[in-house]
Amino acid sequence: MKNKTVKMVLAVVVLGVCCGAYAGVKTYVAHQEQKESEEDSEESTTVFTASTDNIKSLDFMVDDTETTFEKDDDSWVKKDETDFPVNQTTLDSAASAIASVDSDRVLEDVDDLSEYGLDSPSNTIKIVTKSDEEDGDDITTTLYVGDENSSTSQYYVRKDDDEKTVYLIDSSCVEPFTKSLNDYAQMEDFPAISNTDTITKISVDGDNSYELSKDEDTSIWSVKGSEDEEKADSATVSSLVSSFGSMAYSSLADYKCDDKSKYGLDKPYATITVDYQEEVADDDTQDDTTASGETADEDASSVEENSDDAEQDTESDENVNETTDETSEAEDIDSEEAGDETSENSDSASDDEDSSEEETKMADKQLTILVGNETDDSSRYVMVNDSNQVYAMSTDTLSALTDKSEEDFWDMTVSYVSLNSLGSLKVNYQGSDYKVNVSRETSTDDDGNDTETVTYKLNGSDLDETTFTTFYNKLINMTAQKRLTDKYEPDGDAELTATFTEEDGDTQEVAYYSYDTNYYAAVVDNKVYLVNKMNVKELFTAFESVVGTEEDSSDKTDSDEATTDDTKSDSTDMPGESIEESDDSTSETAGTTNDSDTSEEENTDSQETDSTEE
């Protein structure tokens, strides 16, 4: 029994020793693996390196098609399509990215390439470089690209015929070769209009067709659609016009379109046409400059010939003594030098004029944009002018043109007549008539400076300028929030009607009707504007101040009812006459106002009657 116990103890001791040894070995192995891994991470293996200047061609898969770009002198060309517009910057960047490929982890003795996606590579990049030897053959290096390690943003690749070694390389070396063909094409610049002030017409033909045009004399824009031509809102048009200076493509869709129907451009969603002007060299001016240069040369030759004639005349004079001859010869030399300098200066001036007189002129241009189907990224396909390239352009940029109608450009100013051209203004307010006459007188001071004095009279009486202009500015600057396009039948009489008469005789009338709880309807000809009710109430208040100013200027102290009826009704027929005041104290006490058209006999009868009543 004792022996068995000893044996069991020994067995336990041996087992413990074995377990401890196993744990120690395991720890050692793990430590060594970690150490080796750290050493590997510190080392970098060169997979491929070359000078970018020595790279002659790059061959790789583009849109599942093997594509080759090669160097022709210093420019990249597409080998099988030399007219392809290669983006030189994009290919230079691709060459730079592949010129130095390093790996910080190398897997050797690989048995199964499928674990890394290298049994069926996603791309194959062939790099052809010049040999280092002068007469040596070109060198071709092939990199097969497998899966991406998403955790490290690296790709697995193998090189040439070595199927046992796999490298992990940075994604920056591979991504330049993962684009579509259009990404390697050079995009054309959108023909943006540098000076949008020269735009004179914009027309849009589509579901919503309209035309904007600018008057050459006044620079005022108008809009025309299915209805009559109307004045356009200057701020809205200005914003639209300025957009043509910054338009740009978002991407290239087709570098050589042979089927417009693929993009909806055979039957465009809209066609945008812009007429403008551009500064170009004036060929006629250059011809004139050349002709003037020839004339200048002829004049210089004439100066030289005259100088030579003068020299010959001086030398032929034999009666002059030697001193005189020497002096004459000296003068001749000076004359010749002066003549030469004159000729040189003339030629120099002519050359300066030739270089400075190169002039430009404004030429008529037209921009045409065909707008096609929508893309998958909030854009639409477009073709511009005569280009056969198709581009994508932001829908937001295009909708500012294509999704508008003529109503969006209507000027919402209700009635505008410049105060400088106003002759008179008739106002009917709450059933009573008023008239403001404007007078202008020009005086000249002792220095010959002209000064214009403007006066205003309401129903023939002086009117305070500030009070009137405050009201008038509200009247002519009233803007609507929208316009009614349906027929409008006012419910009741207008609360205020204003009739403008300009100095040249033109007239305009606006009538304000209560519309609903939010708006007044302002009617001008056949147009009905809906105006914020609060703004109209402010207009009414301003006019009531005008009426109150008129009463003060007439020195009236009686009630409004006693002073308005006869005066206002008569002022409509005779706006230039003032209200006459009776000298009779009885008439003043009675509070009556004599009509300017009433005869003297009627005034006398009225006075006698008042006296009898008293």
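Just above, that's the structure.
In this report, we go over the structure that sits alongside the text. (Residues numbered from 1 in each chain as written. Predicted model: local features only at pLDDT ≥ 70, side-chain atom pairs only at ≥ 80, totals over all residues. Heavy atoms only, no water.)

The subject of this paragraph is unusual backbone geometry. Residues other than glycine seldom take positive phi values, yet D73 does so here, at roughly 60°. In this fold, D73 is placed in the loop between β3 (65-72) and β4 (75-78). Its identity as a non-glycine residue notwithstanding, D160 has a phi of 50°, on the positive side. By the secondary structure assignment, D160 is in the loop between β8 (154-159) and β9 (166-170). (Helix = DSSP H or I, 4+ residues; strand = E, 2+ residues; numbered from the N terminus.)

The end-to-end C-alpha distance of helix α7 (residues 465-476) is 16 Å, a good match for the 16 Å that twelve residues give at a rise of 1.5 Å each. Buried within α7 we find T467, F468, T469, F471, Y472, L475 and I476. One side-chain oxygen at the N-terminal end of α7 lies 3.4 Å from the backbone nitrogen of T466; it belongs to D464. (Expected span 1.5 Å × (residues − 1). Buried < 20%, exposed > 50% of the residue type's maximum accessible area, 1.4 Å probe, protein only. Polar contact = N/O pair within 3.5 Å; in protein donor to acceptor, adjacent residues only side chain to side chain.)

Here the focus is the nonpolar core. By size, the foremost hydrophobic cluster in this structure holds 100 residues, and its most contacted members are L58, L212, F244, V414, L425 and Y512. It is helix α8 (residues 533-553) that contributes the most residues to this core, seven residues altogether. In this structure, Y512 is in contact with V414, L475, M478, A494, E495, L496, Y520, A521, A522, V536, L539 and F540, ignoring residues within four places of it in sequence. (Core = buried A, V, L, I, M, F, W, Y, C linked by side-chain atoms within 4.5 Å. Contact = heavy atoms within 4.5 Å.)

Moving on to the layout of surface pockets. Roughly 460 Å³ of internal volume is contained in the largest pocket. The wall of the largest pocket is formed by 21 residues, among which E230, R483, L484, N526 and K527 lie closest to the centre. Elements represented by at least two residues in the lining of the largest pocket include exactly β13 (230-231), β23 (482-484) and β27 (527-532). Looking at the lining of the largest pocket residue by residue, the classes come out as six nonpolar, three polar and twelve charged. (1 Å grid on protein atoms, 1.4 Å probe; cavity = no way out; pocket = protein on both sides within 12 Å on 5 of 7 lines; lining within 4 Å. Points joined across faces, edges and corners; volume = space filled by probe spheres on them. Nonpolar A, V, L, I, M, F, W, Y, C, P; charged D, E, K, R; others polar.)

On to the sheet that holds strand β26 (residues 519-524). If you walk across this open sheet you meet the nine strands as β22-β21-β20-β19-β24-β25-β26-β27-β23, and the pairing is antiparallel. Edge positions in the open sheet fall to β22 (461-463) and β23, since each of these has one partner strand only. Sheet twist, expressed as the average angle between the axes of neighbouring strands with direction ignored, equals 25°. Where strand β20 (residues 432-444) lies against strand β21 (residues 450-458), nine bridges are found, and the strand directions are antiparallel. Residue R440 lies in a different strand from β21, and its bridge partner there is V454. Docked against the sheet, α7 engages β19 (422-429), β20, β21, β22, β24 (496-502) and β25 (507-514), running at close to 80° with respect to β19. (Pairing = 2+ DSSP bridges. Axes fitted to C-alpha atoms, helices over the stretch in contact; angles between N-to-C directions.)

With that settled, consider the sheet that holds strand β5 (residues 100-107). One open sheet holds the nine strands; their spatial order is β1-β5-β9-β8-β7-β6-β2-β3-β4, and the pairing between them is antiparallel. Only two strands of the sheet have a single partner each, and these edge strands are β1 (45-49) and β4. Across the sheet, the mean angle from the axis of one strand to that of its neighbour is 30°, orientation sign disregarded.

In this section: the pattern of salt bridges. Close approach of charged atoms allows side chains of opposite charge to pair. In this structure the tally under the stated criterion is 16 salt bridges. The partner of K164 in a salt bridge is D111, with the nearest N and O atoms 3.4 Å apart. Taken together, the residues span a long stretch of sequence, with K164 in the loop between β8 and β9 and D111 in the loop between β5 and β6 (123-129) at a distance of 53 residues. (Salt bridge = Lys/Arg side-chain N within 4 Å of Asp/Glu carboxyl O.)

A separate point is the packing of aromatic side chains. Inspection of every chain in the model, using the stated rule, returns 22 aromatic pairs. For the pair Y116 and Y156, a centre-to-centre distance of 4.9 Å together with 55° between the ring planes defines the contact as tilted. One end of the pair, Y116, is in the loop between β5 and β6; the other, Y156, is in strand β8, and 40 residues separate them in sequence. Looking at Y116, the relative accessible area reads 15%, which means it is buried. Measuring from ring centre to ring centre gives 6.4 Å for F468 and F471, while their planes differ by 55°; the resulting arrangement is tilted. Here F468 pairs with F471, and both are found in helix α7, just three residues apart, close to one helical turn. (Phe/Tyr/Trp six-rings, centres within 6.5 Å; stacked < 30°, edge-to-face > 60°.)

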